[in-house]
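Summary of structural features
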Amino acid sequence: MTTTRSRRAIRAAALLAAGLVLSACGARVDAAGPAGAAAPASCVDTSGSEIKIGFLNSRSGTMAISENTVFDSLSLAAEQINATGGVLGKRLAVVAEDGASEPTIFAEKAQKLIRSDCVAAVFGGWTSSSRKAMLPVFESNDSLLFYPVQYEGLESSKNIFYTGATTNQQIIPALDYLKEQGVRSLFLVGSDYVFPQTANKIIKAYAAATGIEIKGEEYAPLGHTDFATIVAKVRDAGAGAVFNTLNGDSNVAFFKEYKNLGLTPATMPVISVSIAEEEVGGIGVDNIVGQPVAWNYYQTIDTPTNQQFVDAFTAKYGAGRVTSDPMEAAYTSLFLWKGMVEKAGSFDVAAVQAAAGGVSYDAPEGTVTVNGENHHIAKTALIGKIGADGLIHTEWSSGKPIEPDPYLKTYPWASGLAS
C-alpha cells in the first residue's frame, strides 16, 4: 500500500541520487559515466595520520527523536577506537551530516560525504525510505554504508552492511511469540512508507499460513499526531493484539490515545518493532508500561560486555541516558568495519568486502558475525516488555544467534514475496 507521497519521495531521491553521481563536486574525482559504467575513482586519502568516516543521521525532523541517539553511540565508538590506536594506526576523523528526516536529503548528503569529503565509509540512516534513497548513491560510487536499524528485509547490496535485524530475526520471532501466547487475530498499524508496508505484506503472508486473522490495517504519515480515528478502529475491531510499525514521534500520540480509550496490554497488547528505551521516555512510561517489543538488544542484558557499554555511554552522556537496540547496532557497526579493514589490511572497498565474511565482534548484545554473502549479521532475537522503570526486560529469547535470511528463502509461505 505505497502512497503517492511515499512513491514521490523515493522517486525524487532516486532521481537526485542519479543526478548527484553525474555532478560530483570533489576536485579529485572523475565524473561518473553513463548507467552501467564503472564507478568514479575513490578520493579517499590514506596517506596521512587520519582517515575520514561519515555519520549521516537525522539530527532534525520527525526522526530526530530516534536518530540523535544513534549519532551519540557512533560518536562513542569512534572515541573508543581512537583511544586504542585507531584503525590500521590511523585516527578516525568524523564528518557528520544531518539527513533531516528526508530521503532526498539523505541521498544528497551521502553523495557529499563520498565525493566531496572523501570518507572511507558512512554510518547511518534509519527509515527504509532513507536507505533506499541512499542505495544507488553508494552503488554508483562503489562506497560503503553501514545501516544500523532493523528493517523489512527483501534486500541486499554489496555496498551496504546491515547491522540491524532483518525480518527473520525480529518480525517473524515476534509473530511466533504472539502465536505461542494464543493470539489468533491482529490489527496492523504503521507509518506510511516502505518499512511498514513491506513488513505488513510479510505479516499477512505469515498470518495466512498460520491461521491468524487480520482484523484491520491502517497507516499514518510520518510525523502524524492525530490517532483518534485509527485507535477507535483498533478498539472496535477487537483483535487479539496490535502489530505496530509506526516510527518516530507518531508513537507518542498513538500510545497516549490508546490509553485514553481504555485499551491496555492485558486486553489488547501492542507489540512494537521500532520502540526502544529512548522512545519510551518520549512516549511516557505510564502510557506504554507492560507493552511488548521485539528487538535484539536491551539495556538490561546482564553481561559484563553490555555493562561496560552502558557505563561508558552514561559516563559520556549522563546518568539519565539510556541505551537501545539501534544505538547498539550502530556502535557495533563501527567496530565491525574496523575488524573488516584490519582483516583486509586496507581501506579499499573491494578488499573490505572480500574480508567481511566471518568477521565477528563481542558486542553488547552478544557475539555477532558478518555473513559475507548477504552482508547482514547473525543476531539473537529477544521479546521484551516495558517496565515501570522505563527499561525493557527480556521475556523470551531465541537462545542463540539466528542466521540472516533477508529474502526468507527458508520459509515456504514467503515464496513470491521478493518478486
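All values derive from a computational prediction rather than experimental measurement. All chains use their own residue numbering, which begins from 1 and follows the written sequence. pLDDT decides what is reported in this predicted model: residues at 70 or higher carry local features, side-chain atom pairs at 80 or more are listed and counted, and totals for whole chains, interfaces and linings draw on all residues regardless. Remark: hydrogens and water are excluded; side-chain values derive from all non-hydrogen atoms of the structure.

Points on a 1 Å grid, built from protein atoms alone, make a cavity when a 1.4 Å probe fits but cannot get out and make a pocket when they are open with protein on both sides within 12 Å along at least 5 of 7 lines; residues with an atom within 4 Å of a point are the lining residues. Grid points are joined across faces, edges and corners, and a volume is the space filled by probe spheres set on the points. According to the stated counting rule, one finds one cavity of 30 Å³ or more in the structure shown. In this structure, the largest cavity spans a volume of roughly 40 Å³. Trp-126, Thr-127, Ser-128, Tyr-147, Val-149, Gln-150, Tyr-151, Tyr-193, Phe-195, Asn-247 and Ser-274 together form the lining of the largest cavity. Class assignment for the residues of the lining of the largest cavity results in six nonpolar, five polar and no charged. Classification used: nonpolar for Ala, Val, Leu, Ile, Met, Phe, Trp, Tyr, Cys and Pro, charged for Asp, Glu, Lys and Arg, polar for all others including Gly.

For the exposure calls, accessible area comes from a 1.4 Å probe over protein chains only, and a residue counts as buried if that area is under 20% of its type's maximum, exposed if over 50%, partly exposed in between. Each helix is a run of DSSP H or I of at least 4 residues and each strand a run of E of at least 2, with the numbering of both proceeding from the N terminus. Within strand S13 (residues 382–386), four of the five residues are buried, leaving the element largely enclosed by the surrounding structure. Examined bridge by bridge, strand S10 (residues 292–295) and S13 share four bridges and lie antiparallel to one another. Bridge pairing in S13 links Val-293 to Gly-384. Pairing between two strands requires that DSSP report at least two bridges joining them.

With that out of the way, let us pick up the confidence of the model for the chain. Looking at the chain, the pLDDT average stands at 92 and 91% of residues meet or exceed 70. On a scale of 0 to 100, pLDDT captures the predictor's confidence in every residue. Pairs of residues are marked as contacts when any of their non-hydrogen atoms sit within 4.5 Å. In this model, residues 1–10 is a region of pLDDT below 50 whose contacts with residues beyond four sequence positions or in other chains number 17 contacts. Contacts of residues 17–35 to residues separated by more than four positions or lying in other chains number 28 contacts, the stretch itself having pLDDT below 50.

Spatially, five strands are ordered S2-S1-S3-S4-S5 in an open sheet, and the strand pairing comes out parallel. Each edge of the open sheet carries a strand with a single partner, namely strand S2 (91–98) and strand S5 (160–162). The average angle at which neighbouring strand axes cross in this sheet is 25°, direction not considered. Bridge count between strand S1 (residues 50–57) and strand S3 (residues 122–124): three bridges; the pairing is parallel. Of the residues in S3, the one forming a bridge with Gly-54 is Val-122. All axes are obtained by fitting lines to C-alpha atoms, using only the stretch in contact for helices, and the reported angles, taken between N-to-C directions, cover 0 to 180 degrees.

With that settled, the discussion passes to the nonpolar core. Ranked by size, the top nonpolar core spans 93 residues in total, and within it Leu-92, Phe-123, Phe-254, Tyr-258, Leu-334, Trp-337 and Met-340 carry the most contacts. With nine residues, the top contributor of residues to this core is helix H12 (residues 325–344). In terms of nonpolar packing, the next biggest core, distinct from the first, is built from 29 residues, Ile-171, Ile-202, Ala-205 and Phe-243 among them. Buried Ala, Val, Leu, Ile, Met, Phe, Trp, Tyr and Cys residues that are joined via side-chain atoms within 4.5 Å together make up what is termed a nonpolar core.

Moving on, we get to the packing of helix H2 (residues 64–83) against H12. Packing of H2 against H12 leaves a shortest axis separation of 8 Å and a crossing angle of 35°. Read as a crossing pair, H2 and H12 show a hand that is right-handed. Between H2 and H12, the residues in contact are Thr-69, Val-70, Ser-73, Leu-74, Leu-76, Ala-77, Ala-78, Gln-80 and Ile-81 and Pro-326, Met-327, Ala-330, Tyr-331, Ser-333, Leu-334, Phe-335 and Lys-338, respectively. Here the residues of the contact of H2 with H12 are counted per class, giving 12 nonpolar, four polar and one charged. Helix crossings get a hand from a simple test, with the near helix turned counterclockwise from the far one by less than a right angle marking a left-handed crossing and a clockwise turn marking a right-handed one.

Okay, the state of the cysteines next. The rule for a disulfide is simple: a pair of cysteine sulfur atoms within 2.5 Å. Inspection of every chain in the model, using the stated rule, returns one disulfide. The disulfide bridge from Cys-43 ends at Cys-118, spanning 2.2 Å between sulfur atoms. A torsion of -110° about the S-S bond marks the disulfide between Cys-43 and Cys-118 as left-handed. Taken together, the residues Cys-43 in the loop between helix H1 (4–22) and S1 and Cys-118 in the loop between helix H3 (103–116) and S3 connect sequence positions 75 residues apart. Exposure remark for Cys-43: the relative accessible area of 3% places this residue in the buried category.

Moving on, we come to the packing of aromatic side chains. Pairing of aromatic rings covers Phe, Tyr and the six-membered ring of Trp, with a centre-to-centre limit of 6.5 Å; geometry is then stacked below 30 degrees between planes, edge-to-face above 60, and tilted otherwise. If you walk through the whole model with that rule in mind, you get 20 aromatic pairs. For the ring pair Phe-123 and Trp-337, a centre distance of 5.9 Å and an interplane angle of 80° mean the geometry is edge-to-face. Of this pair, Phe-123 sits in strand S3 while Trp-337 sits in helix H12, and the two are 214 residues apart along the sequence. Phe-123 sits in the buried class, given a relative accessible area of 0%. Residue class for Trp-337 comes out buried when judged on its relative accessible area of 1%. A centroid spacing of 6.3 Å and a plane angle of 90° characterise the contact between Tyr-147 and Tyr-151, whose relative ring orientation is edge-to-face.

With that out of the way, let us pick up the side chain of Thr-380. Position of Thr-380 relative to the elements: it lies in the loop between strand S12 (366–369) and S13. Overall, Thr-380 belongs to the buried group, its relative accessible area being 17%.

Moving on, we get to the pattern of salt bridges. A pairing counts as a salt bridge when a side-chain nitrogen of Lys or Arg comes within 4 Å of a carboxyl oxygen of Asp or Glu. For the coordinates displayed, the defined rule picks out 16 salt bridges. A salt bridge links Lys-132 to Glu-155; its shortest N-O distance comes to 3.0 Å. Residue Lys-132 is located in helix H4 (residues 128–141), and its partner Glu-155 is located in the loop between strand S4 (145–147) and S5; the two are separated by 23 residues in the primary sequence. By relative accessible area, which is 29% here, Lys-132 ends up partly exposed. For Lys-215, the salt bridge is made with Glu-213, and the minimal N-O distance between the two is 4.0 Å. In the salt-bridge network here, residues are joined through shared partners; they are Glu-97, Lys-109, Lys-112 and Asp-117.

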